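One letter stands for each residue in the lines below.
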Amino acid sequence: MGELTRNLLADTGEIVTTVAIVAACVLAALLLLYGFIKRFSRTSWAGVQIIVIFAATLALSKLPESWMSTDTARFAVTAGGILVCIAVVLIVGAIVRTFFRTRKKRAHWFFRAFDRLFGAINTVLNFGVFLLVLGGLVLNVIYWCAPSVADGQLSLVYTYSLGDAVVWEAAKPYLPDFILVAVLTMTVKGGYRLGLVKAVWVVCMMALTLVAFGGSILAAVKVPFLANFGAAITSSFAAKIPYELLCNVLGYGIVALCVFIVAMIVIVLLNLLIGLGVREMDSVGVIRVIDGSIFAIFMFAVMGAFICGLDFAVSAAADGTFGEQLAQIAAQYRLSDLFGSGSLCSVFYECNPIRALAG
């Protein structure tokens, strides 16, 4: 019986592996086909840009020691260096893409062929970078926080080798920094694409929607003719439903809903009108660049502050600031090692400006 069970498990494992390989090949083929049709000049370059930016940040460790004399200086140089690397790569990419899209003369067939070939490769690379960031994050958390799992069920992943090199041991020092660079790069790209004016208007739209919701309820109760209308609907429900509270909710709720719908129609029309103005403004290249750049820098600062805040919370918990129990949990799950691994991540963790401000 035991032998039969082992054989069944072995067969099941082989089937799962085969299915996974086939699924991966089909997915890769679809990505290649999509990229070939879409072309390199029309696909996202996020994967290539993240790789180039990460490679550029490796030079930050080669900067003069005099620039890193204090923790604050080390953090400022590192964060500023990452932002500069992101900005340079994205600017160069924008210039090249503008050349592609504004070119009037059709390119030679040789370059068109390479455009499609690189498009296919680029699409697979984009997906590969996404998987690397997501999978790397999960594997990094498991490695530091759940060593029993890393040494047990996932031991094959962490001990997989190419030649004499263990892949995980080679990638472990760089993986956290790669994830950090990817997050910051996508934050800057998203901030630039949204722009300051659009972001402000989105916030205004959300605020107007909340005001319309609250105002419609208030109007249904306080405005005389609406309140009378609500009372009339309530009376019609009261003849059929013996619950006074439910009748009141239905009666005044219907009136509030009608008011809210009217308010939302006005807000949508206003949004379309303002949206036309924003699109006209975006059509002016200089204004669009300035608007997007300001918000991109702002979003980089917000994400940097969030990362610093998270690092400070983990550091304070590990130091016992929040109590002995949290310190034991932090030590048990090796949170300091998790957040402090990687040269760039260690700067955000060890040279955290929030820690300096908190004393």
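The structure we're discussing is the one just above.
Below you will find a few notes about this structure. (Residues numbered from 1 in each chain as written. Predicted model: local features only at pLDDT ≥ 70, side-chain atom pairs only at ≥ 80, totals over all residues. Heavy atoms only, no water.)

**Comments concerning the overall build of the chain**
Our working definition: Secondary structure follows DSSP: runs of H or I at least 4 residues long count as helices, runs of E at least 2 residues long count as strands, and numbering of each begins at the N terminus. Note on method: radius of gyration uses C-alpha positions; expected globular size equals 2.2 Å times residues raised to 0.38. Burial status follows relative accessibility: with a 1.4 Å probe on protein chains alone, a residue under 20% of its type maximum counts as buried, one over 50% as exposed, and anything between as partly exposed.
When its secondary structure is counted, the chain shows 16 helices and two strands. Rg of the C-alpha trace for the chain: 28 Å, well past the compact-globule value of 21 Å for 359 residues, more than 25% over. Taken along its principal axes, the extent of the C-alpha atoms in the chain is 85 × 70 × 60 Å. Taking all 359 residues of the chain together, 30% fall into the buried category.

**Some thoughts on the environment of Lys 189**
As a reminder, the rule being used: What makes two residues a contact is simply this: any of their non-hydrogen atoms within 4.5 Å.
With respect to the helices and strands, the residue Lys 189 is situated in helix α8 (residues 175-194). Separated by 19 residues in the primary sequence, Lys 189 and Leu 208 have C-alpha atoms spaced 27 Å apart. Non-local contacts of Lys 189, meaning those with residues more than four positions away in its chain, are made with Ala 46, Gln 49 and Leu 90.

**Overview of the packing of aromatic side chains**
Just so we agree on the cut-off: For Phe, Tyr and Trp, rings pair up if their centres lie within 6.5 Å, where Trp contributes its six-membered ring, and each pair is then called stacked (planes under 30 degrees apart), edge-to-face (over 60) or tilted (otherwise). Think of it as a cone above the ring: NZ of Lys or CZ of Arg counts as a charge over the ring if it is within 6 Å of the ring centre and within 35 degrees of the ring normal.
By the definition in use, this model includes 12 aromatic pairs. Between the aromatic rings of Tyr 143 and Tyr 158, the centroid separation amounts to 5.8 Å while the plane-to-plane angle is 40°, which identifies the pairing as tilted. Separated by 15 residues along the polypeptide, Tyr 143 in helix α4 (residues 109-145) and Tyr 158 in helix α6 (residues 155-159) bring together distant segments of the chain. Considered together, Tyr 143 and Tyr 158 belong to a single accessibility category, that of buried residues. Taking the centre distance of 5.9 Å and the plane angle of 90° together, the rings of Phe 213 and Phe 260 count as edge-to-face. Of the two residues, Phe 213 sits in helix α9 (residues 196-222) while Phe 260 sits in helix α11 (residues 244-282), which places them 47 residues apart along the sequence. By relative accessible area, which is 48% here, Phe 213 ends up partly exposed. Members of the aromatic cluster, joined through ring pairs, are Phe 40, Trp 45, Phe 114 and Phe 118. If you follow Arg 97 out to its NZ or CZ, it ends over the ring of Trp 45, 4.1 Å from the centre. One cation-aromatic arrangement involves Arg 116 over Phe 36; the distance from NZ or CZ to the ring centre is 5.9 Å.

**A word on the side chain of Asp 115**
Secondary-structure assignment places Asp 115 in helix α4. In this structure Asp 115 touches Arg 39, Phe 40 and Ser 41, once residues within four positions along its chain are discounted.

**Digging into the environment of Phe 237**
By the secondary structure assignment, Phe 237 is in helix α10 (residues 224-238). Between the alpha carbons of Phe 237 and Gly 251 there is a distance of 7.4 Å; along the sequence they are 14 residues apart. In contact with Phe 237, not counting residues within four places along its chain, are Cys 247, Leu 250, Gly 251 and Ile 254.

**As for a nonpolar patch on the surface**
Under the convention used in this document: Here the term patch refers to residues with relative accessible area over 30% and no salt bridge, with like charges joined within 9 Å and nonpolar side chains (Val, Leu, Ile, Met, Phe, Trp, Tyr) within 5 Å. Surface accessibility follows the Shrake-Rupley procedure with a 1.4 Å probe radius. Residue values consider only the protein chains on display as shielding. For this analysis, a salt bridge means a side-chain nitrogen from Lys or Arg found within 4 Å of a carboxyl oxygen belonging to Asp or Glu.
A contiguous nonpolar patch, built from Leu 196, Val 200, Val 284, Val 286, Ile 287, Ile 290 and Ile 294 and spanning about 570 Å² of accessible area, is present on the exposed surface. The set of elements that each furnish at least two residues to the nonpolar patch consists of α9 and α12 (285-318). For the nonpolar patch, the element with the most residues is α12, which contributes four residues.

**Quick word on the nonpolar core**
What counts here: Throughout this description, the term nonpolar core refers to a set of buried Ala, Val, Leu, Ile, Met, Phe, Trp, Tyr and Cys residues connected via side-chain atoms within 4.5 Å.
Counting 38 residues, the largest nonpolar core has Phe 75, Ile 82, Ile 86, Leu 180, Leu 184 and Phe 348 as the members making the most contacts within it. Secondary structure elements with two or more residues in this core: α2 (46-57), α3 (71-102), α4, α8, α12 and α15 (343-350). Ranked by residues supplied to this core, first place goes to α8 with eight residues. For Phe 348, the contacting residues outside a window of four places in its chain are Phe 75, Ala 79, Ile 82, Leu 180, Ile 307, Cys 308 and Asp 311.

**Some details on the state of the cysteines**
Quick reminder of the rule: Two cysteine sulfurs form a disulfide in these notes if their separation is within 2.5 Å.
Throughout the structure, instances matching the rule amount to zero disulfides. Free of any disulfide, Cys 85 has its nearest cysteine sulfur in Cys 345, 15 Å distant. Overall, the relative accessible area of 14% leaves Cys 85 in the buried class.

**Re the pattern of salt bridges**
Under the definition given, this model contains one salt bridge. As a salt-bridge pair, Lys 172 and Glu 169 come within 3.4 Å of each other at their nearest N and O atoms.

**Some details on the packing of α8 against α15**
Here is the rule we go by: With axes taken as lines fitted to C-alpha atoms, and helix axes fitted only over the stretch in contact, angles between N-to-C directions fall between 0 and 180 degrees. Our angle categories are set so that under 35 degrees counts as roughly parallel, over 145 as roughly antiparallel, 65 to 115 as roughly perpendicular, and the remainder as oblique. Polar here means any residue other than Ala, Val, Leu, Ile, Met, Phe, Trp, Tyr, Cys and Pro, which are nonpolar, and Asp, Glu, Lys and Arg, which are charged; Gly is therefore polar.
Two elements in contact, α8 and α15, have axes separated by 6 Å at closest approach and are oriented at 75°. Here α15 runs roughly perpendicular to α8, going by the angle between their axes. Contacts between α8 and α15 involve Pro 176, Asp 177, Leu 180 and Val 181 from the first element and Ser 343, Leu 344, Cys 345 and Phe 348 from the second. Tallied by class, residues from the contact of α8 with α15 come to six nonpolar, one polar and one charged.

**Looking at a positive patch on the surface**
Inclusion rule: In this tally, Asp and Glu contribute negative charge and Lys and Arg positive charge; neither His nor the terminal groups of the chain are included. Positions of charges follow a simple convention, taking NZ of Lys, CZ of Arg, CG of Asp or CD of Glu.
On the surface, a cluster of positive charge is made up of Lys 38, Arg 39, Arg 42, Arg 101, Arg 106 and Arg 112. With respect to the helices and strands, the residue Lys 38 is situated in helix α1 (residues 2-38).

**Details of the environment of Val 255**
Structurally, Val 255 is set in helix α11. Take Val 255: its relative accessible area is 2%, and that puts it in the buried class. Beyond its immediate sequence surroundings of up to four residues, Val 255 is in contact with Ala 220, Leu 226, Phe 229, Gly 230 and Ile 233.

**Describing α12**
One full turn of an α-helix is made of 3.6 residues, so residues set three or four places apart face in the same direction. Going by this rule: The span one expects for a helix is its residue count, reduced by one, times 1.5 Å.
Over its 34 residues, α12 runs 49 Å from end to end, which matches the ideal 50 Å to within 8%, given 1.5 Å per residue. Where α12 terminates, the next one or two residues include Gly 320, which has phi positive at roughly 90°.

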